[in-house]
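Examining the three-dimensional arrangement
Here's the letter readout for the chains.
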Amino acid sequence: MSLTRNFFNCRRSLININSSSFSTSAVKSQNVQQATGTKRICIVGAGPAGFYAAQYLLKQLTDCAVDIVEKLPVPFGLVRFGVAPDHPEVKNVINTFTKTAENPRLRFFGNVTLGTDVTLQELRERYHAVLLTYGADQDRELELDNERQAHVISARNFVAWYNGLPGAEQLQPDLSGRDVTIVGQGNVAVDVARMLLSPIDSLKLTDTTEFALQALADSKVERVHLVGRRGPLQAAFTIKELREMLKLPNVETCWRPQDFTGIEAQLDKLQRPRKRLTELMLKSLGEQSSRKAGTINKQFLPIFLRAPKSIAERKMEFSITELRENSAVATEATEHLPADLILRSIGYKSSCADAGIHFDAHRGHVCNQQGRVLKEDKSQAEPGLYVAGWLGSGPTGVILTTMNGAFTVAKTICDDMAANAFDATSIKPGLVMDNNKRIVTWQGWQRIDKYETEAGKSKDKPREKVVSIPEMLRIAGV
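The notes below deal with the structure included here. (Residues numbered from 1 in each chain as written. Predicted model: local features only at pLDDT ≥ 70, side-chain atom pairs only at ≥ 80, totals over all residues. Heavy atoms only, no water.)

1. Concerning the layout of surface pockets
Note the threshold: Of the two site types, the cavity is a set of points on a 1 Å grid over the protein atoms alone where a 1.4 Å probe fits but cannot get out, and the pocket is an open set with protein on both sides within 12 Å along at least five of seven lines, each lined by residues with an atom within 4 Å of a point. Grid points are joined across faces, edges and corners, and a volume is the space filled by probe spheres set on the points. The way it works is that DSSP assigns letters per residue, a run of H or I at least four long becomes a helix, a run of E at least two long becomes a strand, and they are numbered from the N terminus. Classification used: nonpolar for Ala, Val, Leu, Ile, Met, Phe, Trp, Tyr, Cys and Pro, charged for Asp, Glu, Lys and Arg, polar for all others including Gly.
By volume, the second largest pocket is sized at about 370 Å³. Residue lining of the second largest pocket: 18 residues in total, with K91, N92, I94, D207 and R463 positioned closest to the centre. Counting only elements with at least two residues in the lining of the second largest pocket, the list comes to α4 (77–81), α5 (88–91), α6 (93–101) and α16 (442–457). Among the elements that make up the lining of the second largest pocket, the one with the highest residue count is α16 (four residues). Considering only residue class, the lining of the second largest pocket consists of eight nonpolar, four polar and six charged.

2. With respect to the side chain of Q185
As a reminder of what qualifies: Residues adjacent in sequence count toward polar contacts only when both atoms are side-chain atoms; beyond that, a polar contact is any pair of N or O atoms within 3.5 Å, and within protein one must be able to donate a hydrogen and the other to accept it. Whether two residues are in contact is decided by their heavy atoms, any of which lying within 4.5 Å being enough.
Inspection of the secondary structure puts Q185 in the loop between β7 (179–183) and α9 (187–197). There is a polar contact of 3.1 Å between the side chain of Q185 and the backbone oxygen of L226. Sequence-distant contacts of Q185, that is, excluding residues within four places in its chain, are made with L226, V227, G228, A235, A236, F237, I303 and F304.

3. Focus on the sheet that holds strand β8 (residues 223–227)
Applied cut-off: Any two strands with at least two DSSP bridges between them are considered paired. Each axis is a line fitted through C-alpha atoms, taken for helices only over the stretch in contact, and angles between the N-to-C directions span 0 to 180 degrees.
With respect to topology, six strands assemble into an open sheet ordered β6-β14-β7-β8-β10-β9, the strand pairing being parallel. Strand pairing shows two members of the sheet lacking a second neighbour, β6 (152–154) and β9 (251–253), which therefore form its edges. Averaged over all neighbouring strand pairs, the angle between strand axes comes to 20°, with direction disregarded. The sheet contact formed by β8 and strand β10 (residues 298–303) spans five bridges and is parallel. Across the sheet, R223 pairs through a bridge with Q299, a residue of β10.

4. Some thoughts on the side chain of H87
Checked against the element boundaries, H87 lands in the loop between α4 and α5. Looking at H87, its side chain comes within polar contact range of the side chain of E244, at 2.8 Å. With near-sequence residues (within four places) excluded, H87 lies in contact with D191, R194, K240, E241 and E244.

Okay, structure coming up:
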């Protein structure tokens, strides 16, 4: 149902909200509809987990209204800022999210930050249920001396740089050296290796930012080392990413034969996905001896059984490891690898956006049980408070994994409502805006989207991303 400003004012004593927290100059120039529905649900975070949860809730609860709150002026989170530019087919999920966003029972509040513009307590007072899905915005560190040196950066920041996350344009990675060493062997690490070694002409047809394209065009990088603690059977990258690396023009993949000692004998014991990946690695290893030397000037070098030990100027020391019960154990032996640039890619973690969240700082995620956020003493769940996506599970899986997890938590919300686990019958106003906070609505995002796609046409790119938040707000009309 629609709630007027007067209705909100008459309930101010009950809600006890500082009105400046939810304000916008956009209310004067944009038609911001008040979503209808008796059950009000707020989702914090407009990435895949948030949109998939919204899709499920809107379908299953015909009498609900969903508001998505996002700290950036633009939606889609990891799909926009994490998926590699040369994987446009993965970004097609945006079409599904857009269809969800155009449901009249959903509102988008961009440029609103949890913990700054609005507190969790305020949201819980304004909605029957709150679902936290704001993702993982930090990366795990190597915890080595010299890790703060300029030539050591996170793969997360590097991905943000070429994908146009606001603020990341300041990164300026030094690509003037021959060797890049990536610590970690997940799909993000392989994405970064591929971006560093791909022909620049192919990247120019993607939505890679112009400043990143220029830096990659001028790059002197010829060798990328991809280093992991464990062996080939524990490699975290998938067969799709490896196939793409093996097919890169003018790039030679060089394996170390000693890393594969005894691996072929274990093939029959492996589950099918791991078996296929291992067979592809063995096939590539078998073919490398027949390649003609000197015909290719770039190299991709996966290296196994090495754990980071120390960082020096233009090189990195690794402990040689052994596998014991599937864990990497460092030996006394070491090896040095050339490293003009070091990229750490050993996992993401979330941050605590609001003091009211029961957050496990060590593990980097919200304390929860099957998506229900736990109270501080972990004795029981907070009624009406939920978490989904990497914020709840940690950074695991692909977008399909996130979809399944978000659907599961959304179903939990529906089940809890049906079981009267929390009050879903009282009147809740949702966010109400005044004239101070600059909020980007879905219509504002559509203006940004149109601007970016038009800017990309002249360069034969799908879009040219705007990376400045003030510029986004100007284009959105707020």
